[in-house]
Amino acid sequence: MVIHRSDLHAIFLRACRRAGVELLTDRTVTDYEHTDGGARIHLADGSTQEAPVVIAADGLHSVARRKLVGDAVVSSDYVAYRAAVPIDEVRDNGIAEKDVTVYVGPRCHFVQYALRGGDMFNQVAVFESPKALAGQDDWGTPDELDAAFAATCDTVRKGIPLMWRDRWWQMLDRDPVETWVHGRIALLGDAAHPPLQYMAQGAVMAIEDGWVFARHVGRQTAANARVPDWDAVLASYEAVRVEHCRRVQTTARAWGELWHLDGEKRLRRNAIMRGRDDHDYAFTDWVYGPTALDPDEEPAMFTPIPLSSARLGDDVAHQVAPA
(Lines give C-alpha, C1' and ligand atoms only; values in the text may rest on other atoms or scores of the structure.)
Protein backbone atom coordinates (compact mmCIF):
# COMPACT_ATOMS: atom_id res chain seq x y z
CA MET A 1 0.00 0.00 0.00
CA VAL A 2 1.25 3.47 -0.83
CA ILE A 3 -0.17 6.75 0.44
CA HIS A 4 0.63 10.45 0.07
CA ARG A 5 2.56 11.60 3.12
CA SER A 6 0.22 14.52 3.86
CA ASP A 7 -2.79 12.17 3.65
CA LEU A 8 -1.14 9.91 6.24
CA HIS A 9 -0.44 12.92 8.47
CA ALA A 10 -4.08 13.98 8.18
CA ILE A 11 -5.29 10.55 9.35
CA PHE A 12 -3.19 10.82 12.51
CA LEU A 13 -4.14 14.45 13.07
CA ARG A 14 -7.84 13.57 13.01
CA ALA A 15 -7.23 10.66 15.39
CA CYS A 16 -5.34 12.90 17.81
CA ARG A 17 -8.16 15.43 17.82
CA ARG A 18 -10.75 12.74 18.48
CA ALA A 19 -8.66 11.41 21.36
CA GLY A 20 -8.26 14.84 22.94
CA VAL A 21 -4.50 15.04 22.42
CA GLU A 22 -3.06 18.51 22.97
CA LEU A 23 -0.79 19.28 20.02
CA LEU A 24 1.75 22.06 20.59
CA THR A 25 3.34 23.11 17.31
CA ASP A 26 6.23 25.47 16.60
CA ARG A 27 8.19 24.20 19.62
CA THR A 28 11.87 23.29 19.53
CA VAL A 29 13.16 20.83 22.13
CA THR A 30 16.74 21.67 23.04
CA ASP A 31 17.46 19.24 25.89
CA TYR A 32 16.19 16.23 27.84
CA GLU A 33 16.83 15.32 31.45
CA HIS A 34 15.77 12.73 33.99
CA THR A 35 13.68 13.55 37.05
CA ASP A 36 12.77 11.52 40.13
CA GLY A 37 9.32 10.73 38.74
CA GLY A 38 9.93 10.73 35.01
CA ALA A 39 11.63 13.10 32.59
CA ARG A 40 11.76 16.75 31.60
CA ILE A 41 12.25 18.51 28.26
CA HIS A 42 13.67 21.98 27.76
CA LEU A 43 12.31 24.17 24.97
CA ALA A 44 14.02 26.90 22.98
CA ASP A 45 11.73 29.54 24.49
CA GLY A 46 13.12 28.76 27.95
CA SER A 47 10.13 26.79 29.21
CA THR A 48 10.08 23.16 30.35
CA GLN A 49 7.61 20.29 30.31
CA GLU A 50 7.57 17.23 32.59
CA ALA A 51 5.88 13.84 32.33
CA PRO A 52 6.16 10.31 33.74
CA VAL A 53 7.47 9.26 30.31
CA VAL A 54 8.92 11.30 27.44
CA ILE A 55 8.90 9.76 23.97
CA ALA A 56 11.54 11.35 21.75
CA ALA A 57 10.32 10.93 18.17
CA ASP A 58 12.51 13.70 16.84
CA GLY A 59 13.87 12.10 13.71
CA LEU A 60 17.20 11.30 12.08
CA HIS A 61 18.95 14.29 13.68
CA SER A 62 17.37 13.64 17.08
CA VAL A 63 18.45 15.90 19.94
CA ALA A 64 17.64 13.08 22.35
CA ARG A 65 19.73 10.57 20.41
CA ARG A 66 22.68 12.94 20.35
CA LYS A 67 22.45 13.39 24.12
CA LEU A 68 21.67 9.81 25.14
CA VAL A 69 23.61 7.79 22.55
CA GLY A 70 26.02 10.25 20.97
CA ASP A 71 26.59 8.41 17.70
CA ALA A 72 26.86 9.99 14.26
CA VAL A 73 24.75 9.69 11.13
CA VAL A 74 26.16 7.48 8.37
CA SER A 75 26.21 8.64 4.76
CA SER A 76 25.60 6.10 2.00
CA ASP A 77 26.87 8.59 -0.63
CA TYR A 78 23.49 8.20 -2.37
CA VAL A 79 20.96 10.98 -2.89
CA ALA A 80 17.24 11.02 -3.74
CA TYR A 81 15.18 13.37 -5.88
CA ARG A 82 11.40 13.27 -5.72
CA ALA A 83 8.40 14.60 -7.63
CA ALA A 84 4.65 14.08 -7.34
CA VAL A 85 2.80 15.31 -10.43
CA PRO A 86 -0.69 15.02 -11.96
CA ILE A 87 -0.82 11.66 -13.67
CA ASP A 88 -1.77 13.21 -17.01
CA GLU A 89 1.77 14.60 -17.20
CA VAL A 90 3.29 11.10 -17.36
CA ARG A 91 0.69 8.96 -19.14
CA ASP A 92 2.69 9.03 -22.39
CA ASN A 93 5.93 7.97 -20.66
CA GLY A 94 5.28 4.22 -20.64
CA ILE A 95 4.34 4.09 -16.96
CA ALA A 96 2.48 1.36 -15.08
CA GLU A 97 -0.49 3.08 -13.41
CA LYS A 98 -1.55 0.15 -11.20
CA ASP A 99 1.82 -1.03 -9.87
CA VAL A 100 4.71 0.13 -7.76
CA THR A 101 7.59 -0.10 -10.21
CA VAL A 102 11.31 -0.05 -9.41
CA TYR A 103 13.96 0.18 -12.13
CA VAL A 104 17.34 -0.87 -10.75
CA GLY A 105 20.74 -0.37 -12.34
CA PRO A 106 24.41 0.19 -11.58
CA ARG A 107 24.65 2.88 -8.90
CA CYS A 108 21.09 4.14 -9.46
CA HIS A 109 17.41 3.23 -9.29
CA PHE A 110 14.07 4.83 -10.12
CA VAL A 111 10.73 4.27 -8.37
CA GLN A 112 7.24 5.07 -9.75
CA TYR A 113 3.72 4.65 -8.39
CA ALA A 114 0.31 6.32 -8.50
CA LEU A 115 -1.26 8.12 -5.52
CA ARG A 116 -4.66 9.46 -4.47
CA GLY A 117 -6.73 7.00 -6.43
CA GLY A 118 -4.61 7.38 -9.54
CA ASP A 119 -4.88 11.17 -9.80
CA MET A 120 -1.22 11.78 -8.94
CA PHE A 121 2.00 10.03 -9.84
CA ASN A 122 5.06 9.87 -7.63
CA GLN A 123 8.63 9.37 -8.80
CA VAL A 124 11.84 8.90 -6.81
CA ALA A 125 15.27 8.97 -8.44
CA VAL A 126 18.21 7.71 -6.36
CA PHE A 127 21.86 7.59 -7.40
CA GLU A 128 25.39 7.47 -6.06
CA SER A 129 27.00 10.91 -6.00
CA PRO A 130 30.53 11.23 -7.44
CA LYS A 131 30.92 14.45 -5.44
CA ALA A 132 30.10 12.62 -2.21
CA LEU A 133 32.67 9.94 -3.03
CA ALA A 134 35.20 12.73 -3.63
CA GLY A 135 34.49 14.20 -0.20
CA GLN A 136 32.81 17.39 -1.41
CA ASP A 137 30.28 19.05 0.89
CA ASP A 138 27.87 20.13 -1.88
CA TRP A 139 26.85 16.79 -3.36
CA GLY A 140 23.88 15.29 -5.13
CA THR A 141 23.29 18.38 -7.29
CA PRO A 142 21.01 18.42 -10.38
CA ASP A 143 23.91 18.05 -12.81
CA GLU A 144 24.74 14.75 -11.11
CA LEU A 145 21.09 13.68 -11.38
CA ASP A 146 21.09 14.15 -15.15
CA ALA A 147 24.42 12.38 -15.59
CA ALA A 148 23.40 9.42 -13.43
CA PHE A 149 20.34 8.59 -15.55
CA ALA A 150 21.58 9.61 -19.01
CA ALA A 151 21.99 6.00 -20.20
CA THR A 152 18.82 4.51 -18.69
CA CYS A 153 15.70 3.23 -20.48
CA ASP A 154 13.12 5.51 -22.12
CA THR A 155 10.56 5.47 -19.29
CA VAL A 156 13.17 6.53 -16.74
CA ARG A 157 14.75 9.19 -18.95
CA LYS A 158 11.33 10.70 -19.66
CA GLY A 159 10.67 10.92 -15.93
CA ILE A 160 13.91 12.65 -14.94
CA PRO A 161 13.00 16.14 -16.28
CA LEU A 162 9.94 16.16 -13.99
CA MET A 163 11.96 15.78 -10.78
CA TRP A 164 11.99 18.68 -8.32
CA ARG A 165 15.38 20.33 -8.65
CA ASP A 166 15.26 22.86 -5.82
CA ARG A 167 15.67 20.20 -3.11
CA TRP A 168 17.12 16.76 -2.71
CA TRP A 169 17.62 14.29 0.11
CA GLN A 170 21.00 12.82 1.02
CA MET A 171 20.52 9.15 1.95
CA LEU A 172 21.65 8.88 5.57
CA ASP A 173 21.04 6.35 8.33
CA ARG A 174 22.62 5.32 11.63
CA ASP A 175 24.11 2.10 12.90
CA PRO A 176 21.60 0.04 14.94
CA VAL A 177 21.71 0.46 18.71
CA GLU A 178 20.33 -1.93 21.31
CA THR A 179 19.34 0.66 23.92
CA TRP A 180 16.38 2.90 23.11
CA VAL A 181 15.19 3.50 26.67
CA HIS A 182 17.17 5.71 29.05
CA GLY A 183 15.39 6.05 32.35
CA ARG A 184 11.96 7.36 31.43
CA ILE A 185 13.03 8.72 28.03
CA ALA A 186 12.34 6.45 25.06
CA LEU A 187 13.47 6.87 21.46
CA LEU A 188 10.88 6.13 18.77
CA GLY A 189 10.83 6.17 14.97
CA ASP A 190 13.84 7.56 13.13
CA ALA A 191 15.33 8.76 16.41
CA ALA A 192 15.70 5.07 17.33
CA HIS A 193 16.23 3.35 13.97
CA PRO A 194 16.66 5.58 10.90
CA PRO A 195 16.90 3.24 7.89
CA LEU A 196 17.93 3.69 4.31
CA GLN A 197 14.82 3.68 2.16
CA TYR A 198 15.30 0.46 0.17
CA MET A 199 12.68 -1.52 2.11
CA ALA A 200 10.19 1.39 2.34
CA GLN A 201 9.84 0.77 6.09
CA GLY A 202 10.80 4.12 7.65
CA ALA A 203 7.30 5.47 8.30
CA VAL A 204 5.68 2.14 9.10
CA MET A 205 8.32 1.21 11.67
CA ALA A 206 7.49 4.40 13.57
CA ILE A 207 3.78 3.56 13.36
CA GLU A 208 4.50 0.05 14.62
CA ASP A 209 6.60 1.48 17.46
CA GLY A 210 3.66 3.59 18.58
CA TRP A 211 1.19 0.72 18.28
CA VAL A 212 3.40 -1.67 20.27
CA PHE A 213 4.01 0.97 22.94
CA ALA A 214 0.26 1.63 23.23
CA ARG A 215 -0.57 -2.07 23.50
CA HIS A 216 1.89 -2.50 26.34
CA VAL A 217 0.48 0.58 28.08
CA GLY A 218 -2.91 -1.11 27.84
CA ARG A 219 -1.58 -4.37 29.25
CA GLN A 220 0.17 -2.71 32.17
CA THR A 221 -2.76 -0.42 32.90
CA ALA A 222 -5.14 -3.37 33.17
CA ALA A 223 -2.71 -5.29 35.33
CA ASN A 224 -2.05 -2.40 37.71
CA ALA A 225 -5.49 -0.99 38.50
CA ARG A 226 -5.41 1.65 35.75
CA VAL A 227 -2.02 3.06 36.78
CA PRO A 228 0.58 1.91 34.22
CA ASP A 229 3.83 0.39 35.36
CA TRP A 230 5.86 2.66 33.10
CA ASP A 231 9.13 0.83 33.65
CA ALA A 232 7.49 -2.45 32.58
CA VAL A 233 5.97 -0.73 29.53
CA LEU A 234 9.33 0.67 28.46
CA ALA A 235 11.11 -2.64 29.01
CA SER A 236 8.53 -4.55 26.96
CA TYR A 237 8.66 -1.98 24.15
CA GLU A 238 12.44 -2.13 23.91
CA ALA A 239 12.56 -5.92 24.20
CA VAL A 240 10.55 -6.51 21.02
CA ARG A 241 11.15 -3.53 18.74
CA VAL A 242 14.94 -3.32 18.79
CA GLU A 243 15.53 -6.64 17.01
CA HIS A 244 12.90 -6.11 14.31
CA CYS A 245 14.17 -2.65 13.45
CA ARG A 246 17.80 -3.81 13.49
CA ARG A 247 16.84 -6.39 10.88
CA VAL A 248 15.21 -3.74 8.70
CA GLN A 249 18.15 -1.36 8.97
CA THR A 250 20.76 -3.95 8.07
CA THR A 251 18.65 -5.53 5.33
CA ALA A 252 17.97 -2.11 3.80
CA ARG A 253 21.69 -1.52 3.51
CA ALA A 254 22.20 -4.94 1.93
CA TRP A 255 19.35 -4.45 -0.52
CA GLY A 256 20.72 -1.08 -1.57
CA GLU A 257 23.99 -2.76 -2.43
CA LEU A 258 22.15 -5.54 -4.26
CA TRP A 259 20.10 -3.15 -6.40
CA HIS A 260 23.12 -1.14 -7.50
CA LEU A 261 25.49 -3.91 -8.50
CA ASP A 262 27.47 -3.80 -11.74
CA GLY A 263 29.55 -6.25 -13.75
CA GLU A 264 29.45 -9.97 -13.01
CA LYS A 265 27.74 -9.50 -9.63
CA ARG A 266 24.89 -7.72 -11.39
CA LEU A 267 24.49 -10.60 -13.84
CA ARG A 268 24.50 -13.14 -11.01
CA ARG A 269 21.84 -11.15 -9.14
CA ASN A 270 19.68 -11.05 -12.25
CA ALA A 271 20.05 -14.81 -12.77
CA ILE A 272 18.91 -15.49 -9.20
CA MET A 273 15.96 -13.12 -9.42
CA ARG A 274 14.80 -14.56 -12.77
CA GLY A 275 14.80 -17.99 -11.18
CA ARG A 276 12.32 -16.96 -8.47
CA ASP A 277 8.58 -17.46 -8.83
CA ASP A 278 6.72 -14.16 -9.28
CA HIS A 279 4.61 -14.92 -6.21
CA ASP A 280 7.42 -16.09 -3.94
CA TYR A 281 7.58 -13.65 -1.00
CA ALA A 282 10.05 -15.59 1.15
CA PHE A 283 12.39 -12.60 1.29
CA THR A 284 9.73 -10.29 2.75
CA ASP A 285 7.27 -12.42 4.72
CA TRP A 286 9.08 -11.52 7.96
CA VAL A 287 8.46 -7.82 7.22
CA TYR A 288 4.79 -7.92 6.29
CA GLY A 289 3.51 -10.43 8.82
CA PRO A 290 1.78 -9.45 12.08
CA THR A 291 3.68 -6.98 14.24
CA ALA A 292 5.20 -8.80 17.22
CA LEU A 293 4.29 -7.68 20.73
CA ASP A 294 6.78 -10.02 22.42
CA PRO A 295 10.21 -11.25 21.28
CA ASP A 296 9.05 -14.83 20.76
CA GLU A 297 6.49 -13.61 18.20
CA GLU A 298 9.15 -12.18 15.91
CA PRO A 299 9.25 -14.39 12.76
CA ALA A 300 12.37 -15.99 11.39
CA MET A 301 14.42 -14.01 8.88
CA PHE A 302 14.77 -15.02 5.23
CA THR A 303 17.69 -17.19 4.14
CA PRO A 304 20.11 -15.23 1.94
CA ILE A 305 21.12 -16.70 -1.41
CA PRO A 306 24.84 -16.17 -2.16
CA LEU A 307 25.53 -14.50 -5.49
CA SER A 308 28.21 -17.11 -6.06
CA SER A 309 25.49 -19.77 -6.33
CA ALA A 310 24.07 -18.27 -9.53
CA ARG A 311 24.68 -20.24 -12.73
CA LEU A 312 25.60 -18.05 -15.66
CA GLY A 313 25.03 -19.32 -19.20
CA ASP A 314 27.94 -19.64 -21.61
CA ASP A 315 26.90 -16.47 -23.45
CA VAL A 316 26.81 -14.47 -20.21
CA ALA A 317 30.02 -16.00 -18.93
CA HIS A 318 31.72 -14.91 -22.16
CA GLN A 319 30.53 -11.32 -21.59
CA VAL A 320 32.16 -11.12 -18.17
CA ALA A 321 35.35 -13.00 -18.98
CA PRO A 322 38.56 -10.90 -19.13
CA ALA A 323 39.39 -9.62 -22.61
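As a reminder, the structure under discussion sits directly above these lines.
Conventions adopted
Residues numbered from 1 in each chain as written. Predicted model: local features only at pLDDT ≥ 70, side-chain atom pairs only at ≥ 80, totals over all residues. Heavy atoms only, no water. Helix = DSSP H or I, 4+ residues; strand = E, 2+ residues; numbered from the N terminus. Buried < 20%, exposed > 50% of the residue type's maximum accessible area, 1.4 Å probe, protein only. Contact = heavy atoms within 4.5 Å. Areas by Shrake-Rupley, 256 points an atom, 1.4 Å probe, with all protein chains shown as cover. Pairing = 2+ DSSP bridges. Polar contact = N/O pair within 3.5 Å; in protein donor to acceptor, adjacent residues only side chain to side chain. Axes fitted to C-alpha atoms, helices over the stretch in contact; angles between N-to-C directions. Parallel < 35°, antiparallel > 145°, perpendicular 65-115°, else oblique. Left-handed = near helix turned anticlockwise from the far one by under 90°. Nonpolar A, V, L, I, M, F, W, Y, C, P; charged D, E, K, R; others polar. Salt bridge = Lys/Arg side-chain N within 4 Å of Asp/Glu carboxyl O. Core = buried A, V, L, I, M, F, W, Y, C linked by side-chain atoms within 4.5 Å. Phe/Tyr/Trp six-rings, centres within 6.5 Å; stacked < 30°, edge-to-face > 60°.

Peer 1: I would appreciate a short explanation of the overall build of the chain in the present structure.
Peer 2: If you tally the helices and strands in the chain, you get ten helices and eleven strands. Seen along its three principal axes, the alpha-carbon backbone of the chain occupies a region of about 70 × 40 × 40 Å. Expressed as a percentage of the 323 residues in the chain, the buried residues total 39%. Contacts spanning at least 24 positions in sequence make up 67% of the contacts within the chain whose residues lie at least 6 apart. Of the roughly 18,100 Å² of accessible surface on the chain, a fraction of 52% belongs to carbon and sulfur atoms.

Peer 1: Which parts of the structure should I look at to understand the sheet that holds strand β10 (residues 181-182)?
Peer 2: The strands making up a sheet are joined through hydrogen bonds of the backbone, oriented either antiparallel or parallel. Spatially, β4-β11-β10 is the arrangement adopted by the three strands of the open sheet, whose pairing is mixed. For this open sheet the edge positions go to β4 (54-56) and β10, each flanked by a neighbour on one side alone. Here β4 runs beside strand β11 (residues 185-187); their pairing, made up of three bridges, is parallel. Looking at the pairing, Ala56 lines up with Leu187 of β11.

Peer 1: I tried to follow the side chain of His260 on my own but got confused; where do I start?
Peer 2: Looking at the secondary structure, you find His260 in the loop between α7 (230-259) and α8 (263-274). Residue classification places His260 among the buried positions, given a relative accessible area of 7%. Looking at His260, its side chain comes within polar contact range of the side chain of Tyr78, at 3.3 Å. In this structure the side chain of His260 is engaged in a polar contact, spanning 3.0 Å, whose partner is the side chain of His109. Once residues lying within four places of it in the same chain are set aside, the contact partners of His260 are Tyr78, Gly105, Pro106, Arg107, Cys108, His109, Tyr198 and Arg269.

Peer 1: How should the sheet that holds strand β3 (residues 48-51) be read in this particular structure?
Peer 2: A sheet is described by the order of its strands in space; here three strands give the open sequence β1-β2-β3, paired in antiparallel fashion. The sheet terminates laterally at β1 (29-34) and β3, the two strands that pair on one side only. The average angle at which neighbouring strand axes cross in this sheet is 20°, direction not considered. Here strand β2 (residues 39-43) runs beside β3; their pairing, made up of four bridges, is antiparallel. Paired with His42 across the bridge in β3 is Thr48.

Peer 1: Even after reading the chapter, I still don't get the packing of helix α6 (residues 202-223) against α7, so can you show me in this structure?
Peer 2: How two helices sit against one another is set out by the angle between their axes and by the gap between those axes. α7 packs onto α6 with a crossing angle of 155° between their chain directions and a minimal axis gap of 9 Å. Taken together, the axes of α6 and α7 lie roughly antiparallel to each other. Here α6 and α7 pass one another in a crossing that is right-handed. Contacts from Met205, Glu208, Asp209, Val212, Phe213, His216, Val217 and Gln220 in α6 reach Trp230, Ala232, Val233, Leu234, Ser236, Tyr237, Val240, Arg241, His244, Cys245 and Val248 in α7. Across the contact of α6 with α7, the residue classes tally to twelve nonpolar, four polar and three charged.

Peer 1: When you look at the pattern of salt bridges in this model, what are you seeing that I'm missing?
Peer 2: For side chains of opposite charge, pairing can occur when their charged atoms come near one another. All chains considered together, the criterion is met by 24 salt bridges. The partner of Asp154 in a salt bridge is Arg157, with the nearest N and O atoms 2.3 Å apart. Taken together, the residues Asp154 and Arg157, both in helix α5 (residues 154-159) and three residues apart, mark about one turn of the helix. Residue classification places Asp154 among the partly exposed positions, given a relative accessible area of 47%. A single salt-bridge network, built from bridges that share partners, covers Glu243, Arg246, Arg247 and Glu298.

Peer 1: Sorry, what's going on with the nonpolar core here?
Peer 2: It is characteristic of soluble globular proteins that their nonpolar side chains tend to be buried jointly. Tyr32 and Trp180 are the most contacted members of the largest nonpolar core, which totals 48 residues. Phe110, Trp139, Val156 and Ile160 belong to the second largest nonpolar core, which has 14 residues in total.

Peer 1: How should the environment of Ala310 be read in this particular structure?
Peer 2: Inspection of the secondary structure puts Ala310 in the loop between α9 (285-288) and α10 (314-320). Ala310 gets classed as buried once you look at its relative accessible area, which sits at 9%. On a C-alpha basis, the gap between Ala310 and Arg269 in space is 7.5 Å, while along the polypeptide they are 41 residues apart. Apart from the residues within four sequence positions on either side, Ala310 is in contact with Arg268, Ala271 and Ile272.

Peer 1: Would you mind going over the packing of aromatic side chains with me for this structure?
Peer 2: How two aromatic rings sit relative to each other is set out by the distance from centre to centre and by the angle between their planes. Throughout the structure, instances matching the rule amount to nine aromatic pairs. With a centroid separation of 6.1 Å and 20° between ring planes, the pair formed by Tyr81 and Phe127 is classed as stacked. Linking Tyr81 in strand β5 (residues 74-86) with Phe127 in strand β8 (residues 120-128), this pair joins segments that are 46 residues apart in sequence. By the burial criterion, Tyr81 is buried, and Phe127 matches it. Arranged with centres 6.2 Å apart and planes meeting at 90°, the rings of Phe127 and Phe149 form a pair that is edge-to-face.

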